[in-house]
Amino acid sequence: MHDGTLASRMGIEFLEAGPDRVVGRMPVEGNTQPYGLLHGGASAVLAETLGSVAAAIHAGPERIALGVEINATHHRSARSGHVTGVATRLHGGRTLATYEIEISDEEGRRVCTSRLTCVLRDR
C-alpha cells in the first residue's frame, strides 16, 4: 500500500493476498455517513481495492489491472469495529479478471456483496 492512496487514508489493511483470493479489513470509524453507519461508498472502496489487488497479482508484474465495472449490494449496516472483505476470483483470463467480494462485520454477518471486473493490460 502506498502512502497517500485512498485505501491508505481509509485504513485498509491486507491480511492475505494471492491471485485467487485477497482478504483485507477496514475500520468502520472514520468511514461512516452522517447517521453513524458504514458508508456504502466505503464498502465499494474496500471491494474495489481488494479485487484490484487480486487482479494485479493475477496479471503479473509486467501488466496492470484497471477496474472497468463494479456493483455493490448493501445487505445490512455496520456501526463499529472493522469490516472484513474477501475477494474471490470468478474469472481470470488474459485480458479480464472478475472477482466477487463479500464484506462482513465482526460477527460474520454479510454487510455487502460486490463484483468487480478489471481489464488487464501491458504497462
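The numbers attached to residues start from 1 for each chain and follow its sequence in the written order. Per-residue local features are limited, in this predicted model, to residues with pLDDT of at least 70; the limit for side-chain atom pairs, both in listing and counting, is 80 or more; totals at the level of whole chains, interfaces and linings are taken over all residues. Neither water nor hydrogens contribute to the side-chain values; these are computed over all heavy atoms in the structure.

An unreviewed UniProt entry annotates the protein chain as Hotdog fold thioesterase originating from Actinomadura luzonensis.

> Any details on helix H2 (residues 40-59)? Residues and values, ideally.
The numbering of helices and of strands both runs from the N terminus, where a helix is a DSSP run of H or I of at least 4 residues and a strand a run of E of at least 2. Working rule for helices: expected span equals 1.5 Å times residues minus one. Given a rise of 1.5 Å per residue, 20 residues ought to cover 28 Å, and the 28 Å separating the end C-alpha atoms of H2 matches this to within 8%. Here's how the labels work: a residue is buried when its accessible area is under 20% of the maximum for its type, exposed when over 50%, partly exposed in between, all with a 1.4 Å probe on protein chains only. Along H2, the residues that are buried comprise Ala-42, Ser-43, Val-45, Leu-46, Ala-47, Thr-49, Leu-50, Gly-51, Ser-52, Ala-54, Ala-55 and Ala-59. Phi turns positive one or two residues past the end of H2, at Gly-60, with a value near 95°.

> Please set out the nonpolar core residue by residue, giving values where relevant.
In this description, a nonpolar core means a group of buried Ala, Val, Leu, Ile, Met, Phe, Trp, Tyr and Cys residues linked to one another through side-chain atoms lying within 4.5 Å. Among the nonpolar cores identified, the biggest contains 28 residues, and Met-26, Leu-38, Val-83, Ile-101 and Ile-103 are the most heavily contacted of them. Elements supplying a minimum of two residues to this core: strand E2 (21-27), H2, strand E4 (82-92), strand E5 (96-104) and strand E6 (110-122). Top element by residues in this core is H2. It accounts for eight residues. With sequence-adjacent residues up to four places away left out, Leu-38 is seen in contact with Met-26, Val-28, Asn-31, Thr-32, Gln-33, Ser-43, Ala-78, Val-83 and Val-111. We call two residues contacting when some pair of their heavy atoms lies within 4.5 Å.

> Before we move on, can you summarise the UniProt feature "domain: Thioesterase" (unreviewed entry) in the protein chain with the specific residues and values?
UniProt positions are given in the numbering used here, feature names are shortened, and annotations may be inferred rather than shown by experiment. The positions UniProt marks with the feature "domain: Thioesterase" (unreviewed entry) are residues 35-112. This span, residues 35-112, is 26% helix and 45% strand, and a straight line between its end C-alpha atoms measures 18 Å.

> Just give me the short version of the pairing of E4, but keep the residues and values in it.
By definition, two strands form a pair when at least two bridges between them are found by DSSP. Pairing analysis gives seven bridges linking E2 to E4, with the strands arranged antiparallel. Within the sheet, the bridge partner assigned to Gly-24 lies in E4 and is Gly-85. Where E4 and E5 come together, eight bridges link them in antiparallel fashion. By the bridge assignment for E5, Gly-92 is matched with Ala-97. If you look at the hairpin formed by E4 and E5, you'll find three residues sitting between the two strands.

> With reference to specific residues and values, describe the environment of Met-10.
Along the chain, the position of Met-10 falls in the loop between helix H1 (6-9) and strand E1 (13-17). Once the C-alpha coordinates of Met-10 and Leu-46 are considered, the two residues, 36 residues apart in sequence, prove to be 8.7 Å apart. Look past the residues within four positions of Met-10 in its chain and what remains in contact with it is Met-26, Pro-27, Asn-31, Ala-42 and Val-45.

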